[in-house]
Number of protein chains: 2
Amino acid sequence: MKLLDIYAKMKGDIKEIEKELSQAVSTDQIILNESSSHLLKAGGKRIRPIFVLLSGHFGNYQFEKLKKVAAALELIHMASLVHDDVIDDADKRRGKPTVKAQWDNKVAMYTGDYIFAQALMLITQFEDPEIHQTFSKALVQMSVGEIEQIRDFNNWNQSFKQYLRRIKRKTALLIAISCKLGALASNAEEKIVRRLYQYGYNVGMAFQIVDDILDFTGTTEQLGKPAGSDLRQGNITLPALYALHYSKDRERLQKIVHNGELEKRMDEVIDLIRKSEGIKYAQKLAERYIEKSKKALLELPNIRERKMLLEISDFIVDRTY
Amino acid sequence: MKLLDIYAKMKGDIKEIEKELSQAVSTDQIILNESSSHLLKAGGKRIRPIFVLLSGHFGNYQFEKLKKVAAALELIHMASLVHDDVIDDADKRRGKPTVKAQWDNKVAMYTGDYIFAQALMLITQFEDPEIHQTFSKALVQMSVGEIEQIRDFNNWNQSFKQYLRRIKRKTALLIAISCKLGALASNAEEKIVRRLYQYGYNVGMAFQIVDDILDFTGTTEQLGKPAGSDLRQGNITLPALYALHYSKDRERLQKIVHNGELEKRMDEVIDLIRKSEGIKYAQKLAERYIEKSKKALLELPNIRERKMLLEISDFIVDRTY
């Protein structure tokens, strides 16, 4: 089963979740309604809801419950994107104007707060304290990650470990708890919950590393923004870090960075990184995370959804967009 | 028992809550640690924790549980202040530089997110779903209120009703749920929970109205900022609305507003409002809310804490700072 087949198969469910999302953010406050709908319409892969639903099959699958968890996690993702766009000073996302560009930073901040609170509303409908605790712990970690991202901006002295910790908080954690909460809401066994979390964490790490690679190797058309956007914004990712410290062009790169000529020679630097071993290194690391995610899957019951998760793992590391 | 006696009596408990607050926001992330400690040190009246604790006495009082609720509500208050300072472009609060002034808007946004998430961590330690639902519902309403505040900026056409709805969401709701959650965490009877909510709501409304009066009548020294700061920022409160529509100087005021001369003649306008019947009208309305808060109290068991809450009611409407 290919990824497109998975989406095709889940089309009906995703439509239901879209409805849940619409309902959750609808309000008679006009600005909020507009900014939230704007966000919803901007779309997205809805990958977190898919992880929630697939994980739910490893327990007592109840769509009515799972769709609320799925919507909550997608809302958290949306809220964090709105706030991120303020930090990144981003005017476009997925080729469309961001909330902060269409309105302003203030509206973006409060739209984020509002969507965040609505996500919480969905989660508080559950009685299981572990669901609440998993959710709130992840939110704390994510907000620490947001500040780390500011701290690490333009910091070429950061370690690989710092980078990995940052992407864990930025991306992997939310995917990990999507799997975990899907399983918890379906009363899956503890062992299964743990493995699905492991699966999600590793897939999430790979997902972000590949994203960071594509930012260098993709075309403007594929990315919806020029290549090297991360670096232009000061977000230094694994390919860049590797290139600076270990590539054959490292001395040339170090000189540019140390002489403060980065901004002036940005296109040259992006080109150097694109051609460097940093890309291959990052790709290898992503593959290693994918291997780990598959290992976690192998210890799960061999149901159809396990195959689907496996398919997603393979897709993530091979994707070109 | 006077207000100062109440504070004196609760000094030990408040100290414990300060500890809880410190623990909740401490992190090894340096910027976050500094910005959060900065906020904690800026202090505040800690009025929400006091409402939580006093309300707890109407059920099975357990300080260890209540201090977590109290800290969570104070953290929500703090988080909303940090985000508000971004909206208001405020450089000072309580005479000290705000997070957005000392750092920047981005740090303020994420410090708010972080403190917010930590508040959630405290609340998720409770098992009672009503506690979670009350909490998340209030957060949704508060975030809608934040956007309404932006919408109503500089809007002289807003109704009194719009103003009241806004201060409900901005202030009264959090005080109301402080009372309610204190009672819920102590397993108080449903009737009692409802009355304490009513008490808190009415006290909260009065509190904000008085705040809005003091912004006109206070001295720079009392306020820690020049009088009329709300209006200067575009936040149009009850005394101003009343003065514009019903005071004897209304035509003069309307002319200034309609001719777009407000900014130029700000000192004159503030003076007109200060001397207008708007102050008296707002004071009367605050008193009416206080009466309602006392009525809610009278239906509660006649314990010592009922007297203390009564004392707070009286203080709020008479305070001059």
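Because the structure is a prediction, the values reported are computed rather than measured.

Draft legend 1. Representation of the side chain of Thr-27 of chain B. All names here are of chain B. Within the secondary structure layout, Thr-27 lies in the loop between α2 (11-25) and α3 (30-41). Within the local environment of Thr-27, its side chain forms a polar contact with the backbone nitrogen of Gln-29, the two atoms lying 2.8 Å apart. Discounting chain neighbours no more than four positions away, the residues touching Thr-27 are Leu-32, Asn-33 and Tyr-114.

Draft legend 2. Focus on helix α2 (residues 30-41) of chain A. The first and last C-alpha atoms of α2 of chain A sit 16 Å apart over twelve residues, in line with the 16 Å expected at 1.5 Å per residue. Buried-residue contacts for α2 of chain A involve α1 (3-25), α4 (63-88), β2 (96-97), α5 (99-102) and α6 (105-123) of chain A together with α8 (129-152) of chain B. If you check the start of α2 of chain A, you find a side-chain oxygen 3.2 Å away from the backbone N of Ile-31 of chain A, and it comes from Gln-29 of chain A. Phi for Gly-43 of chain A, located one or two positions after α2 of chain A, is positive at around 75 degrees.

Draft legend 3. Main features of the packing of α1 of chain A against α4 of chain A. Residues and elements named next belong to chain A. Look at α1 against α4: their axes get within 9 Å of each other, and the N-to-C directions meet at 60 degrees. In terms of their interaxial angle, α1 and α4 are classed as oblique. You can see that α1 and α4 cross each other, and the crossing is right-handed. Contacts between α1 and α4 involve Asp-13, Glu-16, Ile-17, Glu-20, Leu-21, Ala-24 and Val-25 from the first element and Phe-63, Lys-67, Lys-68, Ala-70, Ala-71, Glu-74 and Leu-75 from the second.

Draft legend 4. Just the nonpolar core, in detail. Residues Ile-209, Leu-231 and Ile-312 of chain A together with Ile-209, Leu-231 and Ile-312 of chain B are the most contacted members of the largest nonpolar core, which totals 232 residues. Not counting the four nearest positions on each side in its chain, Ile-312 of chain B is found in contact with Leu-3, Ile-6, Ile-47, Ile-50, Phe-51, Leu-54 and Tyr-199 of chain B.

Draft legend 5. Representation of the interface of chain B and chain A. In this assembly, 36 residues from chain B lie in contact with 37 residues from chain A. Taking both partners together, chain B and chain A bury about 3,700 Å²; carbon and sulfur atoms supply 73% of that area. Where chain B touches chain A, the interface holds zero salt bridges. At the junction of chain B with chain A, the criterion picks out eleven residue pairs in polar contact (both at pLDDT 80 or more). For the side of chain B that touches chain A, the secondary structure elements donating two or more residues are α3, α5 (63-88), α7 (105-123) and α8 of chain B. For the side of chain B that touches chain A, the element with the highest residue contribution is α8 of chain B, accounting for 14 residues. Split by residue class, the side of chain B that touches chain A holds 18 nonpolar, ten polar and eight charged.

Draft legend 6. Expanded view of the relation of the copies chain B and chain A. Rotating chain B by 180 degrees about the axis while translating it 0.0 Å along that axis superimposes it on chain A, leaving an RMSD of 0.0 Å. Expressed as a symmetry operation, the mapping of one chain copy onto the other fits a two-fold axis. Of all interface residues in chain B, 100% are interface residues in chain A too; the two copies therefore contact each other through one and the same surface.

Draft legend 7. Representation of the pattern of salt bridges in the model. All names here are of chain B. With the rule as written, the count across this model stands at 47 salt bridges over all chains. Here Lys-248 makes a salt bridge to Asp-249, at a shortest N to O gap of 3.9 Å. For Lys-248, a relative accessible area of 64% puts it in the exposed group. Of the charged contacts, one joins Lys-275 and Asp-271 as a salt bridge, the two residues approaching to 2.7 Å between their closest N and O atoms.

Draft legend 8. Up close: the packing of helix α9 (residues 190-217) of chain A against helix α16 (residues 304-318) of chain A. Residues and elements named next belong to chain A. It is the contact of α9 with α16, at a shortest axis distance of 9 Å, that shows an interaxial angle of 20 degrees. The angle between α9 and α16 falls in the class roughly parallel. At the point where α9 passes α16, the crossing takes the left-handed sense. The residues of α16 that touch α9, namely those facing Leu-196, Tyr-199, Val-203, Ala-206, Phe-207 and Val-210, are Leu-309, Ile-312, Ser-313, Ile-316 and Val-317.

Cut-offs used in this document
Residues numbered from 1 in each chain as written. Chains lettered and ligands numbered in written order. Predicted model: local features only at pLDDT ≥ 70, side-chain atom pairs only at ≥ 80, totals over all residues. Heavy atoms only, no water. Helix = DSSP H or I, 4+ residues; strand = E, 2+ residues; numbered from the N terminus. Polar contact = N/O pair within 3.5 Å; in protein donor to acceptor, adjacent residues only side chain to side chain. Contact = heavy atoms within 4.5 Å. Expected span 1.5 Å × (residues − 1). Axes fitted to C-alpha atoms, helices over the stretch in contact; angles between N-to-C directions. Parallel < 35°, antiparallel > 145°, perpendicular 65-115°, else oblique. Left-handed = near helix turned anticlockwise from the far one by under 90°. Core = buried A, V, L, I, M, F, W, Y, C linked by side-chain atoms within 4.5 Å. Buried < 20%, exposed > 50% of the residue type's maximum accessible area, 1.4 Å probe, protein only. Buried area = accessible area lost by both parts, 1.4 Å probe. Salt bridge = Lys/Arg side-chain N within 4 Å of Asp/Glu carboxyl O. Nonpolar A, V, L, I, M, F, W, Y, C, P; charged D, E, K, R; others polar. Least-squares fit on C-alpha atoms with pLDDT ≥ 70 in both.

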